[in-house]
Amino acid sequence: MGSSKEEKEGEKVEYPTFQENWEFSDLVLVTKQRKFHVHKAVISMWSPTLKCRILDLNNSSELEIEEGETLPSDDVLQLLQTIYPPNKPINEENCENLVKLANRFNMFELLRRCEDFLIKNKTPTLILLVFAQDQNLSKLLSKCIDYCSKQSIDELKKTMKFDKIAPQNLCNLLEVRCLKMEKKLKRSEMRSWELTCTLRAIYESWNKKEGACVTHRKNGMHQENCNECLHAIRRQIDKLCELALDNPSDQSD
């Protein structure tokens, strides 16, 4: 069996190259560029689509997998090295090609792993939104819609592939954006009401005992020419302002 060596976390790892018969291989995947020696059991476990085609082979040990569309041999090799031990890691370089091949052959588990990788490691931009849409990655699509809804429509229109967004997904994006704006408006209204109450309390403090010094508190009214009264009012205003500042409205989306 041929193998290729690559470094993984400082250690050299050997991945199979599938160039020749090895370890009881019993199937040859055929593309226009090259052949890959694999195992029916392994391929069948990963892909129900290829499993059905393997069952229809009769006595043949070769399976054409291109069906009219040329598959780059490097992409097929990356796919096989990912599903075969020692399982080549999914990374930014191979992930999108793996997604396309996983969709082509209905490799649902590989598709799930690729989607998880993209969700954790890629910024959910509008370009990624279109990719998720085209490749039926529903979880990634939802994350991208939520992220892109924070941008204005003018900003989104300037982004490459804006015109590629499916009408339904564009509607979903606009709906999420509207809901966020409504929520933000309600928070602003609540904050405005809180500040109005604070200002009213400050105004009313001029006519309360809290706004008078010890000497004039007996009369229940402050004296504007009394420094102690003015200091008492200032302390009361500072207290109300601190309460307002300690309870800011949540401005996050």
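Rules used in this analysis
- Position numbers for residues count from 1 along each chain, tracking the sequence in the order it is written.
- In keeping with the predicted nature of the model, local features appear solely for residues at pLDDT of at least 70, side-chain atom pairs appear and are counted solely at 80 or more, and the whole-chain, interface and lining totals rest on all residues.
- For the side-chain quantities, the full set of heavy atoms in the structure was used; hydrogens and water were omitted.
- We define a salt bridge as a contact between a side-chain nitrogen of Lys or Arg and a carboxyl oxygen of Asp or Glu at a distance within 4 Å.
- We count a stretch as a helix when DSSP gives it H or I for four or more residues in a row; a strand needs E for two or more, and each element gets its number in order from the N terminus.
- Accessibility here uses a 1.4 Å probe with only protein chains present; expressed as a share of the type maximum, an area under 20% marks a residue as buried, one over 50% as exposed, and anything in between as partly exposed.
- Strands were regarded as paired on the criterion that DSSP finds at least two bridges between them.
- Only buried residues count toward a nonpolar core, which is a set of Ala, Val, Leu, Ile, Met, Phe, Trp, Tyr and Cys residues joined through side-chain atoms within 4.5 Å.
- Working rule for contacts: check all heavy atoms of both residues, and any pair within 4.5 Å makes them a contact.
- Here the axes come from fitting lines to C-alpha atoms, over the contacting stretch only for helices, and the angles between their N-to-C directions go from 0 to 180 degrees.
- Convention used here: angles under 35 degrees read as roughly parallel, angles over 145 as roughly antiparallel, angles from 65 to 115 as roughly perpendicular, and any remaining angle as oblique.
- Crossings are assigned a handedness: left-handed for a near helix turned anticlockwise from the far helix by less than a right angle, right-handed for a clockwise turn.
- Residue type decides the class: Asp, Glu, Lys and Arg count as charged, Ala, Val, Leu, Ile, Met, Phe, Trp, Tyr, Cys and Pro as nonpolar, and the leftover types, Gly among them, as polar.

Tallying each qualifying case throughout the model produces five salt bridges. Between Arg-113 and Glu-109 there is a salt bridge, and its shortest N-O distance comes to 2.9 Å. Placement of both Arg-113 and Glu-109 in helix α5 (residues 108-121) is noted, with a separation of four residues, approximately one turn of the helix. Taking relative accessible area as the criterion, Arg-113 reaches 37% and is therefore assigned partly exposed. Glu-109 gets classed as partly exposed once you look at its relative accessible area, which sits at 32%. Between Asp-146 and Lys-180 there is a salt bridge, with the nearest N and O atoms lying 3.1 Å from each other. Within this pair, whereas Asp-146 is found in helix α7 (residues 138-148), its partner Lys-180 is found in helix α9 (residues 167-204), the two being separated by 34 residues in sequence. Members of the salt-bridge network, linked through shared partners, are Glu-109, Arg-112, Arg-113 and Asp-116.

What follows is about the pairing of strand β3 (residues 27-30). Because side chains alternate across β3, one face comprises the buried residues Leu-27 and Leu-29, and the other comprises Val-28 and Val-30, equally buried. Relative to strand β4 (residues 35-38), β3 runs antiparallel, the two being bridged by four bridges. Across the sheet, the residue bridging to Val-28 is His-37, located in β4.

The next thing to look at is the nonpolar core. Formed by 50 residues in total, the largest nonpolar core has its most connected members in Leu-29, Val-38, Ile-43, Leu-80, Met-107 and Leu-110. Of the residues forming this core, the biggest block, six residues, is contributed by helix α6 (residues 126-134). Dropping the residues within four chain positions of it, Ile-43 is found in contact with Leu-27, Leu-29, Val-38, Leu-50, Ile-54, Leu-80, Ile-83 and Tyr-84.

We now examine the packing of α6 against α7. Running from amino to carboxyl end, α6 crosses α7 at an angle of 150 degrees, the nearest separation of the two axes being 9 Å. Taken together, the axes of α6 and α7 lie roughly antiparallel to each other. Between α6 and α7 the crossing geometry is left-handed. Seen from α6, the contacting residues are Leu-126, Leu-128, Leu-129, Ala-132 and Gln-133; seen from α7, they are Leu-140, Leu-141, Cys-144, Ile-145 and Cys-148. When grouped by side-chain class, the residues that make up the contact of α6 with α7 number nine nonpolar, one polar and no charged.

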